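This is what each chain is made of:
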Amino acid sequence: MRKGFTTKIVVILAVFALVAVGCDRGDDGDEVAQGNGDAAQAGGDLLQEVIDRGTLRCGVNETVPGFGFDPGDGNIDGFDIDFCRAFAAAIVGDPEAIELTPIDADNRFIALQNGDYDVLVRNTTQTASREGTEGVFFAHVNFYDGQAMMVREGEFSSIDEMGGANICVTSGTTTELNLADYFQQRDLDFTPVTFAENPQLQRAFIRERCDGWTSDRSQLAGIRSAWPDNQGGPESLAILEEVMSKEPLAPGVLDTEIDFGDAINAVVNGLILAEELGVTSRNVEDLAADPGGNGPIASLLGAPVPDPEGGEAVPVDFGLGLELDFMVGAISAVGNYGEIFARHLGPNTALGLERGINALWTDGGIQYAYPLR
Amino acid sequence: MASSARSVRPPLWRDVRVLRVAGQVAFVLVVFFVLREMYLNATFQLGQRGRDLSYDFLDSRAGFGVKEHFIDYSPNNSFWRVFWVAVTNALAVTGVGIVLATVLGTFLGIARLSPNWLLRKIGQGYVETIRNIPALVQIIFWYTAVILAIPRLENSISIFGFAYISNRGAAVPTLRGGADFGPWGLFVVAAVVAAFFVRRWRTKIFDDTGRPHYRFLWSTGTFLVVAALGYVVLGDAFTIELPEIGLRNLVGGIQVSPEFAGVLVGLVVYTAAFIGEIVRGSILAVSKGQKEAAEALGLRPSQQLRYVVLPQAMRIALPSITNQYLNFWKNTSLGFFIAYPEIVNITRTMTNQAGHELEIFSLLIVIYLGVSLAISLFMNILNRGVTLRGATR
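As the structure is a prediction and not an experimental result, all values here were calculated from the model.

> Whenever I open this one, the overall build of chain B confuses me. Can you help?
Helix and strand content of chain B: eleven helices and eight strands. Computed over the C-alpha atoms, the radius of gyration of chain B is 29 Å, more than 25% above the 21 Å expected from 2.2 N^0.38 for a compact globule of 393 residues. Once the C-alpha set of chain B is aligned to its principal axes, its extents read approximately 85 × 65 × 50 Å. In chain B, buried positions account for 29% of the 393 residues. Here the analysis covers contacts within chain B between residues at least 6 apart in sequence; of these, 65% occur between residues at least 24 apart.

Dropping the structure here:
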């Protein structure tokens with residue numbers, strides 16, 4: 001009995017000690033946070049962490065053709081995936097050093113906050129509350145989208161005819177809120193049928209459980225393009241013209257990771273700028289070696305920039321924590337913005353989207369990069 | 001030594017009474033510090049991300065619609081309101097489902113003990129299949145393969161023109177109270193009282209003279225006559241509202257959505273399998289002598305079951321059935337996958353629109369725990385009510 005008793009005392013004391021230590025950590029933690037605040041925001045080392053790790057982890061979609069889609073063999077590809085490759089090429093130097101984590105709409109921000117991945121490139125709309133409450137920092141918009149309504153061909157020609165309809169929508173998206181607002185503004189009744197994921201929604205839509213399917217126009221275009229022939233194929237569906245809301249899709253990172261966010265932002269801008277300057281995956285290596293006196297191109301590619309005063313040409317370091325030629329690897333891997341768009345979303349793909357407002361500002365669209373200098 | 005033993009106290013660190021109390025105190029302190037540590041850690045981590053722990057968001061406008069709700073709701077209501085919409089939705093399916101599952105389960109349990117070979121085998125097949133397939137799979141099956149496969153709205157199945165079933169919902173006629181609905185309610189109460197007394201009168205006649213009482217027919221007849229009388233006298237007691245096929249949905253009557261039906265049918269079928277086994281075990285647990293004594297008294301097998309065996313069996317089954325009720329309540333969370341707006345579904349949307357995952361999670365925990373405890377409490381009261389007096393616990 002004495003032996004058992006001593007064990008009990010030791011155990012209780014040990015637990016006490018652990019708890020006491022734990023308590024101290026809680027209080028010290030506040031001081032540590034303030035200490036870091038001098039150097040950068042609390043917890044701002046993600047960029048260095050990614051560089052050291054040598055791999056970039058991206059949160060992506062695997063159910064939207066064109067943007068992030070798994071055709072069934074486990075190789076997820078799409079518009080957003082190419083951006084992930086570009087980020088990897090720029091930050092760690094290898095476009096294939098990526099870990100793709102498919103994530104659904106409900107969990108994407110929680111997973112980002114938990115550090116399940118570094119950057120979210122998953123056709124995510126930039127909104128004020130996501131920046132505020134969810135703590136997401138959005139880089140430059142990589143696709144200007146809008147919310148639209150898809151219906152069975154011939155049933156409706158305009159959303160105004162859809163009073164009282166059942167509308168299928170996925171939960172946890174801006175789509176849900178916009179749907180409610182849009183119909184309320186027009187004094188139309190509707191019944192939202194809210195699913196967790198697209199596959200179940202699609203089954204319900206096929207069985208005519210609902211009259212309309214609302215989501216981003218690009219998503220709907222992708223889904224329509226892949227509509228099975230035994231259900232009527234793409235011609236049996238129509239995407240109505242009305243734009244229900246603005247959906248600027250942008251890559252997102254934690255807003256406590258300023259350096260990392262700046263790097264991501266620079267890459268997106270760089271890809272758009274490359275198209276503006278005529279730098280493509282075919283000529284990027286040559287232009288990097290010899291920019292031919294073009295200052296902006298030299299700046300972009302990390303080549304020596306001619307000095308207007310006639311002094312020595314030096315490459316520009318933007319102070320982002322990246323290699324000087326970070327854009328070269330990115331552009332040679334996936335091409336400039338126009339090439340990425342054409343490869344996954346353009347008129348020659350199943351989605352067949354026009355550049356529309358995603359064209360460069362010099363071509364009538366609104367894609368406008370900040371100068372990299 | 002013997003005479004002084006009682007007056008000598010052992011040293012504190014060996015005194016059992018002191019140690020017992022010290023142990024309890026130590027345990028309480030440990031629990032307290034662990035909880036405090038969790039709280040501090042949470043606020044610290046959130047603070048690092050520039051966010052705070054607060055429930056104020058519950059007053060903000062929700063902004064999203066919910067397709068079925070048993071309490072009034074519009075997208076302009078607050079998050080707090082929509083949370084309660086979710087809770088009432090889950091409670092509704094639980095309330096109805098528990099009753100149906102118990103009835104079905106009891107029949108199932110009795111069927112498995114039937115002398116009829118076919119009934120026994122059907123019961124066995126049912127239990128063995130249903131018990132071994134996950135509840136989620138069953139719910140999705142019922143919804144996708146059965147309910148969504150029901151004809152579309154324009155081709156709704158019509159039941160004599162009174163009720164309709166389509167894959168957008170089912171609707172049955174309902175009463176719409178007119179101006180005299182209140183007074184008619186008094187007539188209904190009077191009808192119930194009259195029926196009660198008629199039943200007593202007929203039973204008395206049976207006791208006194210042995211003539212068959214037919215008391216059920218008499219009392220039901222009385223009830224209907226008085227209620228009809230009330231309807232005729234008052235004029236505008238109620239109207240019968242028949243459902244119709246509308247443009248996009250069924251219109252009128254009491255409606256059941258396909259999602260509600262999917263969760264209900266899926267969980268009732270699933271839980272009934274377990275309740276069936278519990279009932280079967282409880283019937284077998286009633287001592288054989290009871291059945292034999294009942295038989296000796298001349299009761300038919302159905303009467304033996306109804307008056308002697310089943311009441312005792314249900315007493316034994318109560319604690320296990322309570323478990324199944326709690327499972328039913330928690331399994332309503334699976335309704336998320338078929339778009340039923342229950343608690344998990346709506347809190348997921350709330351999290352995405354408002355953030356504050358930790359606070360919303362705490363609400364989730366509290367509500368599931370709270371209702372589970374309430375169900376347990378109620379069942380325990382029931383249990384105590386039927387426990388044999390003087391029985392060992």
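Anyway, onward from the coordinates.
> What's the story with the overall build of chain A in this structure? I'm lost.
Helix and strand counts for chain A come out as 13 helices and 13 strands. The C-alpha extent of chain A, read off along each of the three principal axes, is 85 × 80 × 40 Å. Evaluated residue by residue, chain A yields a buried proportion of 46% over its 373 residues. Considering only intrachain contacts with a sequence separation of at least 6, the fraction spanning at least 24 residues in chain A is 72%.

> Sorry, what's going on with the environment of glycine 65 of chain B here?
Here glycine 65 of chain B is to be found in the loop between helix H1 (16–48) and helix H2 (79–112). Taking the C-alpha atoms as reference points, glycine 65 of chain B and threonine 351 of chain B, separated by 286 residues in sequence, lie 15 Å from one another.

> What is the right way to look at the interface of chain A and chain B in this model?
In many reports, interface size means the accessible area that the parts give up when they come together. Every contact between the two is made by 41 residues of chain A and, on the other side, 39 residues of chain B. When contributions to the side of chain A that touches chain B are tallied by element, the ones reaching two or more residues are helix H1 (2–39), helix H4 (108–114), strand S8 (165–170), helix H6 (174–185), strand S9 (190–195) and helix H7 (198–206) of chain A. Looking at the side of chain A that touches chain B, the element that brings in the most residues is H1 of chain A, giving nine residues.

> Is there a simple way to explain helix H5 (residues 181–209) of chain B in this structure?
An α-helical turn contains 3.6 residues, so a residue and the one three or four places further along point in the same direction. Residue and element names in this part refer to chain B. An ideal rise of 1.5 Å per residue puts 42 Å on 29 residues; H5 measures up with 41 Å between its terminal C-alpha atoms. Of the positions making up H5, those classed as buried are Trp184, Ala191, Ala195 and Arg202. Packed against the buried residues of H5 are helix H6 (215–234) and strand S5 (238–241). Directly after H5, the chain includes glycine 210, whose backbone phi takes a positive value near 80 degrees.

> I would appreciate a short explanation of the pairing of strand S3 (residues 169–172) of chain B in the present structure.
Each regular strand carries side chains that alternate between the two faces of the sheet. All names here are of chain B. Here strand S2 (residues 163–166) pairs with S3 via three bridges, running antiparallel. Across the sheet, the residue bridging to serine 166 is glycine 169, located in S3. Here S2 folds back onto S3 in antiparallel fashion, the turn holding two residues. Sheet topology places S3 next to strand S8 (residues 254–256); three bridges connect them, and they run antiparallel. Pairing of valine 172 across the sheet is with isoleucine 254, part of S8.

> Can you walk me through the sheet that holds S3 of chain B in this structure?
The strands making up a sheet associate through hydrogen bonds between their backbones, and the pairing can be parallel or antiparallel. All names here are of chain B. Spatial strand order, S1-S2-S3-S8: four strands in an open sheet with antiparallel pairing. Of all strands in the sheet, those with a lone pairing partner are strand S1 (157–159) and S8, marking the two edges. Ignoring which end each strand starts from, the neighbouring axes of this sheet average 15 degrees apart.

> Mind showing me how you'd approach the domain arrangement of chain B here?
Each assigned domain of chain B is listed with its residue range as follows: domain 1 (79–170 + 259–386) and domain 2 (174–241). For domain 1 of chain B and domain 2 of chain B, the distance between their C-alpha centres works out to 32 Å.

> Even after reading the chapter, I still don't get the packing of H2 of chain B against helix H3 (residues 117–131) of chain B, so can you show me in this structure?
The description of two helices packed together rests on the angle between their axes and the distance between the axes. All names here are of chain B. For the pair H2 and H3, the least separation of the axes is 7 Å and the interaxial angle reads 125 degrees. By the angle between their directions, the pair H2 and H3 is classed as oblique. Handedness of the crossing formed by H2 with H3: left-handed. Of H3, the residues touching H2 (which contributes Leu108, Ala111 and Arg112) are Leu119, Arg120, Ile122, Gly123, Gln124, Tyr126 and Val127. Here the contact of H2 with H3 is built from residues that sort into six nonpolar, two polar and two charged.

> How should I be thinking about the confidence of the model for chain B in this particular structure?
Note: predicted coordinates in regions of low pLDDT should not be interpreted at a detailed level. Looking at chain B as a whole, the pLDDT averages 88, with 97% of positions reaching at least 70. We note a pTM of 0.74 for the whole complex and an ipTM of 0.70 for its interfaces.

> Mind showing me how you'd approach the domain arrangement of chain A here?
All names here are of chain A. Domain parsing of chain A yields domain 1 (44–142 + 250–282 + 325–373) and domain 2 (146–245). Taking only C-alpha atoms, the centre of domain 1 and the centre of domain 2 are 26 Å apart. Taken together, the contacts link 14 residues of domain 1 with 17 residues of domain 2. The residue inventory of the side of domain 1 that touches domain 2, partitioned by class, reads seven nonpolar, five polar and two charged.

> Explain the nonpolar core to me, please; I cannot follow it from the model alone.
Of all hydrophobic cores here, the largest spans 159 residues; its most connected members are Cys84, Phe87, Ala90, Cys168, Val267, Leu301 and Ala330 of chain A. Broken down by element, the residue count for this core peaks at 14 residues, all from helix H7 (residues 258–285) of chain B. Contacts of valine 267 of chain A, omitting those with residues within four sequence positions, involve Ala86, Phe87, Ala90 and Ala330 of chain A.

> How do you make sense of unusual backbone geometry when you look at a structure like this?
Backbone geometry follows two general trends: most residues other than glycine have a negative phi, and most peptide bonds adopt the trans configuration. The phi torsion at asparagine 123 of chain A lies on the positive side, around 30 degrees, for a residue other than glycine. For asparagine 123 of chain A, the position within the fold is in the loop between strand S5 (119–120) and helix H5 (128–132). Judged by C-beta crowding, with 26 C-beta atoms within 10 Å, asparagine 123 of chain A ranks as buried. In this model, tyrosine 214 of chain B sits at a positive phi of 45 degrees, which is unusual for a non-glycine residue. Mapped onto the secondary structure, tyrosine 214 of chain B falls in the loop between H5 and H6. The exposure class assigned to tyrosine 214 of chain B is exposed, which follows from the 12 C-beta atoms found within 10 Å.

> Would you take a moment to explain the packing of H7 of chain B against helix H9 (residues 301–331) of chain B for this structure?
Residues and elements named next belong to chain B. Contact geometry for H7 and H9: axes closest at 8 Å, N-to-C directions at 155 degrees. As summarised for this structure, H7 and H9 are arranged roughly antiparallel, according to the angle between their axes. As for how H7 packs across H9, the hand of that crossing is right-handed. Side by side, H7 and H9 meet where Leu267, Thr271, Phe274, Ile275, Ile278, Val279, Ser282, Ile283 and Ala285 of the first sit next to Val309, Ala313, Met314, Ile316, Ala317, Ser320, Ile321, Gln324, Asn327, Phe328 and Asn331 of the second.

> When you look at the environment of threonine 88 of chain B in this model, what are you seeing that I'm missing?
Residue and element names in this part refer to chain B. Looking at the element boundaries, threonine 88 is found in helix H2. Its 16 C-beta neighbours within 10 Å are what place threonine 88 among the partly exposed residues. Remark: the alpha-carbon pair of threonine 88 and phenylalanine 274, spanning 186 residues in sequence, is separated by 25 Å. If near-sequence neighbours (up to four positions away) are discounted, threonine 88 is found in contact with Phe70 and Ile71.

What counts as what
Residues numbered from 1 in each chain as written. Chains lettered and ligands numbered in written order. Predicted model: local features only at pLDDT ≥ 70, side-chain atom pairs only at ≥ 80, totals over all residues. Helix = DSSP H or I, 4+ residues; strand = E, 2+ residues; numbered from the N terminus. Rg over C-alpha atoms; globule rule 2.2 N^0.38 Å. Buried ≥ 20, exposed ≤ 12 C-beta atoms within 10 Å, placed from the backbone. Contact = placed C-beta atoms within 7 Å. Expected span 1.5 Å × (residues − 1). Pairing = 2+ DSSP bridges. Axes fitted to C-alpha atoms, helices over the stretch in contact; angles between N-to-C directions. Domains from an automatic or database assignment. Parallel < 35°, antiparallel > 145°, perpendicular 65-115°, else oblique. Left-handed = near helix turned anticlockwise from the far one by under 90°. Nonpolar A, V, L, I, M, F, W, Y, C, P; charged D, E, K, R; others polar. pLDDT = per-residue confidence, 0-100. Core = buried A, V, L, I, M, F, W, Y, C linked by C-beta atoms within 7 Å.

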